[in-house]
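# Overview (structure and organization)
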Amino acid sequence: MVPQKVSTPITTYPSSAEIVSEPLGVVLVISTWNFPFLLSLDPVIGAISAGNSVVLKPSEIAPATSSLLANLVEEYLDNSAVKVVEGAVPETTALLEQKWDKILYTGSARVGRIVMAAAAKHLTPVILELGGKSPAVVDSDVNLEVAVRRIIAGKWALNNGQACIGVDYIITTKDFAPKLIEALKYGLEQFFGKDPMNSKDISRIVSSTQFTRLAKLLDEDKVSNKIVLGGQRDEKQLKIAPTILLDVPEDAQIMQEEIFGPLMPIVTVEKIEDSFSVINSKPKPLAVYAFTNNEQLKKGFVDNVSSGGMLINDTVLHVSISGLPFGGVGESGMGSYHGKFSFDGFSHKKAVLYRGFGGDSDLRYPPYTPEKQRLFKAVINRDILTIILSLIGWSK
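Since we're looking at a predicted model, the values are computed, not measured. (Residues numbered from 1 in each chain as written. Predicted model: local features only at pLDDT ≥ 70, side-chain atom pairs only at ≥ 80, totals over all residues. Heavy atoms only, no water.)

In this section: the sheet that holds strand β20 (residues 347–355). Sheet architecture is open: three strands sit in the order β1-β2-β20, paired in antiparallel fashion. The outermost strands of the open sheet, each flanked by one partner alone, are β1 (4–6) and β20. Pairwise comparison of adjacent strand axes, ignoring direction, gives a mean angle of 30 degrees for this sheet. Pairing geometry for strand β2 (residues 15–23) and β20, over nine bridges, is antiparallel. Directly across from S15, in β20, lies its bridge partner R355. (Pairing = 2+ DSSP bridges. Helix = DSSP H or I, 4+ residues; strand = E, 2+ residues; numbered from the N terminus. Axes fitted to C-alpha atoms, helices over the stretch in contact; angles between N-to-C directions.)

What follows is the structure in structure tokens.
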């Protein structure tokens, strides 16, 4: 919060300058359901640390959490600074009609467009965390056992795929795919047993609406015959088993939208470098995961693939580093937060220049004589000798 000092040029001498972080004002945080505490309170903390007052709109899809947050905030926090508004579409629509100084929204790209359109009416800046199809590229030179464990952790162990940074699909070579699939089958059995539908470590699907959406992705004619593992489901219990699909057609719906569930397509390529073009042919993802020991390939991912974040040889953990910004790019979002980036995201960086009344030079004022023009050019070109000679009445 302390003003950041900035050096000043000779043209403003004598002077000092600084960047002052000031609150934006009143901000709106619209949260989501899959991590309802973290994704509600993390941005709220950032907003109030920057000096703003906040209205939090939790997700109605996680009603118990929404109610608890509303009760706890009202009881324990200063309600002149932080308020919770519960509700669904009508309440969110009403909130978006108001003028805010910033809006942070976490959720789908479809609703993100609605939020941004509403914000544009008031020229309100936004932070949008929107997700997307985040791939994991697996080279054949990796420690397969460790790589598979980390992929499972970043897909099925993480809310059963219901996470914006979860692995959406895998890219590997045609030759390596059978070996990778066998390793995934073994790893899933180790973690969730022979019957994952009875595992206590597998999350349920959040609602019947989401269950139906995932079932439709799986039941599409061009998809249903591509299942190599899983596919079991129980609508009454809202459970879907970890499911692996091989070489699903690119025009299938499951390859066109963010899956947000336990279905994992595997896309095969001739050589692993072809994964660059596969990823870049789609909207920019929130995260990209690459498993390889090839240093040149690692550099290729960093240099050639655009994404909100990137992690080499693991999944998800980059969001735990408070010194890294968390945010999307393109259709996966805009703006970022976490750690100091939360403070910066909810602050205006105000430029302040201080000057006294001494040291006033005729150089900036008319008439602009040839001598003044010569000196002005010297200042622009940083010709220190000419400046000194001119100030003492001499010339080169």
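That was the structure; now back to the text.
As a further point, take the pairing of strand β15 (residues 287–291). On a regular strand, one side chain projects to one face of the sheet and the next to the other, so that they alternate. Counting buried residues along β15, five of its five residues qualify, which places the element largely inside the surrounding structure. What you see with β15 is no split at all: A287, Y289 and F291 on one side and V288 and A290 on the other are buried throughout. Pairing between strand β8 (residues 135–138) and β15: three bridges, direction parallel. Bridged to A136 within β15 is Y289. In this sheet, strand β16 (residues 309–312) lies alongside β15 in parallel orientation, the contact comprising four bridges. Pairing of V288 across the sheet is with M310, part of β16. With respect to chirality, the unit in which β15 leads through helix α10 (residues 295–304) into the neighbouring parallel β16 is right-handed. (Buried < 20%, exposed > 50% of the residue type's maximum accessible area, 1.4 Å probe, protein only. Right-handed = clockwise from strand over helix to strand, strands pointing away.)

Turning our eyes to something else, we now look at the sheet that holds strand β6 (residues 102–106). The six strands lie next to each other as β5-β4-β3-β6-β7-β18, forming an open sheet whose pairing is mixed. The open sheet is flanked by β5 (82–84) and β18 (333–334), the only strands paired with a single partner. Sheet topology note: the strand β4 (residues 53–57)/β5 ladder contains three bridges and is parallel. Following the sheet pairing, V55 is matched in β5 by K83. Strands β3 (26–30), β4 and β6 of the sheet are contacted by helix α3 (residues 89–96), whose axis makes an angle of about 155 degrees with β3. (Contact = heavy atoms within 4.5 Å.)

This brings us to the UniProt feature "active site" (unreviewed entry) in the chain. Under the present numbering, the feature "active site" (unreviewed entry) in UniProt falls on E129. Within the secondary structure, E129 is located in strand β7 (residues 126–129). Not counting chain neighbours up to four residues away, the residues in contact with E129 comprise Y105, T106, G107, L286, F326, G327, G328, S332, G335, S336 and Y337. (UniProt positions renumbered as here; feature names shortened; annotations may be inferred.)

Now for the nonpolar core. Among the nonpolar cores identified, the biggest contains 54 residues, and I170, L184 and Y289 are the most heavily contacted of them. Sorting elements by how many residues they give to this core places helix α6 (residues 177–192) first, with six residues. Residues from two domains meet in this core; each of domain 1 (4–130 + 336–350) and domain 2 (135–327) gives at least three. Those residues within four positions of I170 in sequence are excluded, and the remaining contacts are A136, V138, I151, L180, L184, M264, P265, I266 and V267. Counting 29 residues, the second largest nonpolar core, distinct from the first, contains I171, I254, I259 and I279. (Core = buried A, V, L, I, M, F, W, Y, C linked by side-chain atoms within 4.5 Å. Domains from an automatic or database assignment.)

Moving on, we get to the side chain of N52. Mapped onto the secondary structure, N52 falls in the loop between α1 (38–49) and β4. Of the polar contacts made by the side chain of N52, one reaches the backbone nitrogen of L24; its length is 2.8 Å. One polar contact links the side chain of N52 to the main-chain carbonyl oxygen of F346, over a distance of 2.9 Å. Leave out the neighbours within four places in its chain, and N52 touches P23, L24, G25, V27, A47 and F346. (Polar contact = N/O pair within 3.5 Å; in protein donor to acceptor, adjacent residues only side chain to side chain.)

Before going further, it helps to spend a moment on helix α5 (residues 144–153). Of the positions making up α5, those classed as buried are L144, A147, V148, I151 and I152. Viewed along the axis of α5, the buried residues span an arc of 135 degrees, placing them on a single side of the element. Tucked into the core, α5 has its buried residues touching β8, β9 (169–173), α6, β14 (263–269) and β15. (Arc of directions from axis to C-beta.)

Right, let's get into the environment of V223. In this fold, V223 is placed in helix α8 (residues 221–224). On the basis of relative accessible area, V223 is assigned to the buried category, the value being 0%. Sequence separation between V223 and I254 is 31 residues, and the spatial gap between their C-alpha atoms is 8.1 Å.

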